[in-house]
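Commentary on secondary and tertiary structure
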Amino acid sequence: MKYLNIFLALIFAAGFFTSCEDDMDPKVPGDAVSPVLEAPASGETYVLQKVDEENLLTSIVFSEADFKLDVVTEYAVEVDDADGNFEFRRVVATGSTSPIDLKVGTFNKSLLNLGYEGGEAHDIQLRVVAGNHLASDPITMNVTTYFDAEPWSVIGSAVGGWDTANDQFMSYDKANDVYRITLDMVPGDFKFRAPKKDDGGDPWKYNLGLDGGSIIIDNGENIVLKDGGDNVKCSGGNYTITLDVTNSKFTIVQNSAGEFTDWTDVVLDAVGTGVSIDNPEATADGSSWNWGNVLLPDNEGKPSADGSTYTWTWTGIVLEANEGFKLRTQNGEASPVNGMSFDVGFSAVDTENSSDKVADKDGNLSVTEKGEYIITIAIDAASGDAKKVTITEYVKYPTALYMTGASLNAVGDGGWNWDTNVAEFVPVHSHPNMFWAVVWLDPTVQDAGVKIAPEKAWGNDFGVTGDAVDGVWSKGGDNIVVPSAGYYTVVVDYDTDKIEANPAKIYGIGDCFGSWDSSNESNLFTIDAENKVIKYDGTVAAAELRMHVGATTLTADWWQAEFMILDGNIAFRGTGDDQDRVALTAGNAVITLDFINGTGTITQ
């Protein structure tokens, strides 16, 4: 017999042990709760739970009413490789009687062969011994180990973040085939996922969210979920959540509301001599402060909210050089919304993420150079109303724009990666407010959608809000999801805050195609969805090739959104000068454009 040197501590108790609830059998990762087993009848079979993927077996508890032993302080475990029997031996006796709690440690997975499938039967024998002599007959149980439920978790900003360290694993109720958890959550978003289920290590391959848009739900029964659905939002507090993976639904009960300050609709202002009168909406400070000028932030002075974080923004505020100002509740008074008041100066500045032109002016905010800036102040209600001010130089239009997301190139949920799955927009010539891109988008992939940002990183990213009208949305924070798979022209217009995503239209134009009409449908290329290319297959004249993209919101001359095929690649004009030309000969021509790989061919 091969021995494992595992010593098992025993817990003594004076009274009876109380049985655990049946619904705790089995249990996946979470709080370790042990089953309670009474003394087994002859031939009776018990199931011993395995509580996590590391094969941690917790307690077997025998009630005093049915089973009494001399109290012991340690047990040793022996494992017989031949037949797989477990044997527990008492090594120290104290001579009194009391119920015992066998604490079973973490066994070697390979030795005991306890996989996720489980199902292997083992005999467990409990023997009372004195020294090396048996003091009683062994009590034997036949035990079948199992782990037949995938570990599902709650994940999101409502539970601390979206990283794997924030997964809140739920307990599995085998009898009812549901998962349960009771936990505290802050105002924010959450979803359900099985981060350990995919052998490839992708924690988002299996996730469930709302079917029909992201909304706040604090209480509800049998709420419908779908694969890769939208985030669930909550107001914060203590919740009990029951997840039914089999039927794709969940129930949530708010046991108690969170104690968070409500900053919704609270109006702030910027005040001081540093607030320039050059701001069209600036007025002299008429409050008791009587200090320079005042200017409300965007949105009529009210904040945007993301979970427990409230953010006020002054976009393009003109600040005077070397003059002081502060941010405060309007007029320096308590808000009628929540009775709270505050003012902040330089001590609240996030200097790491602010412009190096931001300076301390006797404790007030200041800048060293007059100009337009973006000021944000964020209050985290879940962190004691902590305040953070960021001041950056205002650039009305970005110099570049990028896209990423699961739908882009049909990558799936692994496509939300700025390093590996990115499309770059093309700036529209003479229109710094507009950018365009032709991309392949697929709404059927898991965690579908795309987002846009002026850099290949999260932070200043954006999407859309509301419903699309003829393929055009207002700029917002939701993912951009198109109705069906295919090539789309995506246009971003910063002046109108509109985003268009409509089936791509590529036109040939000029003498080569016999028309200088930029919307001539006879010169419209066709989309080959099967091969994911856009093609022109028709007659051309002997002339220079000219092509451009067309879209409803692309209110520019055709040449301001043209491109060419050069050396086998698609070359965009962007804001540059007239491009090199490719001369075609009269006759049939096949022009093929692969916007996914940025390549093109011309065959005559």
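Residues numbered from 1 in each chain as written. Predicted model: local features only at pLDDT ≥ 70, side-chain atom pairs only at ≥ 80, totals over all residues. Heavy atoms only, no water.

**Considerations on the overall build of the chain**
Tallying secondary structure elements over the chain gives one helix and 52 strands in all. Expressed as a percentage of the 604 residues in the chain, the buried residues total 48%. Nonlocal contacts in the chain, meaning residues at least 24 apart in sequence, comprise 62% of its contacts between residues at least 6 apart. (Helix = DSSP H or I, 4+ residues; strand = E, 2+ residues; numbered from the N terminus. Buried < 20%, exposed > 50% of the residue type's maximum accessible area, 1.4 Å probe, protein only. Contact = heavy atoms within 4.5 Å.)

**Focus: the packing of aromatic side chains**
Describing an aromatic ring pair means giving the distance of the ring centres and the angle of the ring planes. Here the structure, examined in full by the defined rule, presents 21 aromatic pairs. Summarising the aromatic geometry, the rings of Phe525 and Tyr536 are spaced 5.4 Å apart at their centres and angled 40° between planes, so their arrangement reads as tilted. Separated by 11 residues along the polypeptide, Phe525 in the loop between β43 (505–508) and β44 (526–528) and Tyr536 in strand β45 (residues 533–540) bring together distant segments of the chain. Summarising the burial analysis for this pair, Phe525 and Tyr536 share the class buried. These aromatic residues form a ring-pair network of at least three members: Trp436, Trp440, Tyr487, Phe563, Phe572 and Phe595. Positioned above the aromatic ring of Trp289, the side-chain terminus of Arg328 is 4.6 Å from the ring centre. (Phe/Tyr/Trp six-rings, centres within 6.5 Å; stacked < 30°, edge-to-face > 60°. Lys NZ or Arg CZ within 6 Å of the ring centre and 35° of its normal.)

**Observations regarding the sheet that holds strand β29 (residues 343–344)**
The strands making up a sheet associate through backbone hydrogen bonding, with each pair oriented either parallel or antiparallel. One open sheet holds the five strands; their spatial order is β24-β25-β23-β28-β29, and the pairing between them is antiparallel. The open sheet is flanked by β24 (283–284) and β29, the only strands paired with a single partner. Where strand β23 (residues 268–272) and strand β28 (residues 326–329) come together, four bridges link them in antiparallel fashion. Bridging from a neighbouring strand, Asp269 pairs with Arg328 of β28. (Pairing = 2+ DSSP bridges.)

**Considerations on the pattern of salt bridges**
For the coordinates displayed, the defined rule picks out 19 salt bridges. Across the salt bridge formed by Arg573 and Asp578, the nearest N and O atoms sit 3.7 Å from each other. Overall, the relative accessible area of 49% leaves Asp578 in the partly exposed class. Salt bridges sharing common partners tie together Glu544, Arg546, Glu562, Arg573, Asp578 and Arg581. (Salt bridge = Lys/Arg side-chain N within 4 Å of Asp/Glu carboxyl O.)

**Examining unusual backbone geometry**
Keep in mind that most residues, glycine aside, have a negative phi and that most peptide bonds are trans. Here the phi dihedral of Asn290 falls at roughly 50°; this positive angle occurs in a residue that is not glycine. Its place among the elements puts Asn290 in the loop between β24 and β25 (293–295). Taking the relative accessible area as the measure of exposure, Asn290 reaches 61% and is therefore exposed. One non-glycine residue, Asp385, lies in positive phi territory at about 60°. Topologically, Asp385 is positioned in the loop between β32 (371–380) and β33 (386–393).

**Let's talk about the side chain of Glu562**
Here Glu562 lies in strand β48 (residues 562–566). Polar contacts involving the side chain of Glu562 include one to the side chain of Arg546, which spans 3.1 Å. Sequence-distant contacts of Glu562, defined by excluding residues within four places in its chain, comprise Arg546, Met547, His548, Phe572, Arg573, Asp578, Gln579 and Arg581. (Polar contact = N/O pair within 3.5 Å; in protein donor to acceptor, adjacent residues only side chain to side chain.)

**Brief notes about the sheet that holds strand β39 (residues 463–469)**
Within the open sheet, the six strands sit side by side as β36-β37-β41-β42-β40-β39. Their pairing is antiparallel. What marks the edges here is a single partner per strand, and that holds for β36 (426–428) and β39. Strand-to-strand twist of the sheet, defined as the mean angle between neighbouring strand axes without regard to direction, takes the value 30°. Relative to strand β40 (residues 472–476), β39 runs antiparallel, the two sharing four bridges. The residue bridging Val464 from the neighbouring strand is Lys475, located in β40. (Axes fitted to C-alpha atoms, helices over the stretch in contact; angles between N-to-C directions.)

**Remarks on the pairing of β33**
Strand direction decides the pairing type here: β32 and β33, joined by eight bridges, are antiparallel. From the neighbouring strand, Ile379 faces β33, where its bridge partner is Lys387.

**Things to note about the confidence of the model for the chain**
If pLDDT is low for a region, its predicted coordinates should not be looked at in detail. Averaged over all residues, the pLDDT of the chain equals 79, while 75% of them reach at least 70. Residue range residues 1–148 is modelled with pLDDT below 50. Its contacts to residues more than four positions away, or to other chains, number 327 contacts. (pLDDT = per-residue confidence, 0-100.)

**Observations concerning the side chain of Ser354**
In this fold, Ser354 is placed in the loop between β29 and β30 (358–361). From its side chain, Ser354 meets the backbone oxygen of Asp350 in a polar contact 2.8 Å long. Not counting residues within four places of it along the chain, the set of residues in contact with Ser354 comprises Val349, Val389, Thr390, Ile391 and Thr392.

**Details of the pairing of strand β19 (residues 220–227)**
In this structure, strand β18 (residues 207–210) lies alongside β19, joined through three bridges in antiparallel fashion. Of the residues in β19, the one forming a bridge with Leu210 is Leu225.

**Structural notes on the environment of Phe435**
Position of Phe435 relative to the elements: it lies in strand β37 (residues 431–441). Judged by relative accessible area, which is 2%, Phe435 ranks as buried. Distance in space between the C-alpha atoms of Phe435 and Leu401 is 7.4 Å, their sequence separation being 34 residues. Each residue touching Phe435, except ones within four places of it in the same chain, is listed here: Pro398, Thr399, Ala400, Leu401, Phe425, Val426, Pro427, Val428, Val490, Val491, Val492 and Tyr494.

**A closer look at the environment of Asn531**
Following the sequence through the fold, Asn531 ends up in the loop between β44 and β45. Classification of Asn531 as exposed rests on a relative accessible area of 51%. Distance from Asn531 to Asp594, taken between C-alpha atoms, is 9.1 Å for residues 63 residues apart in sequence.

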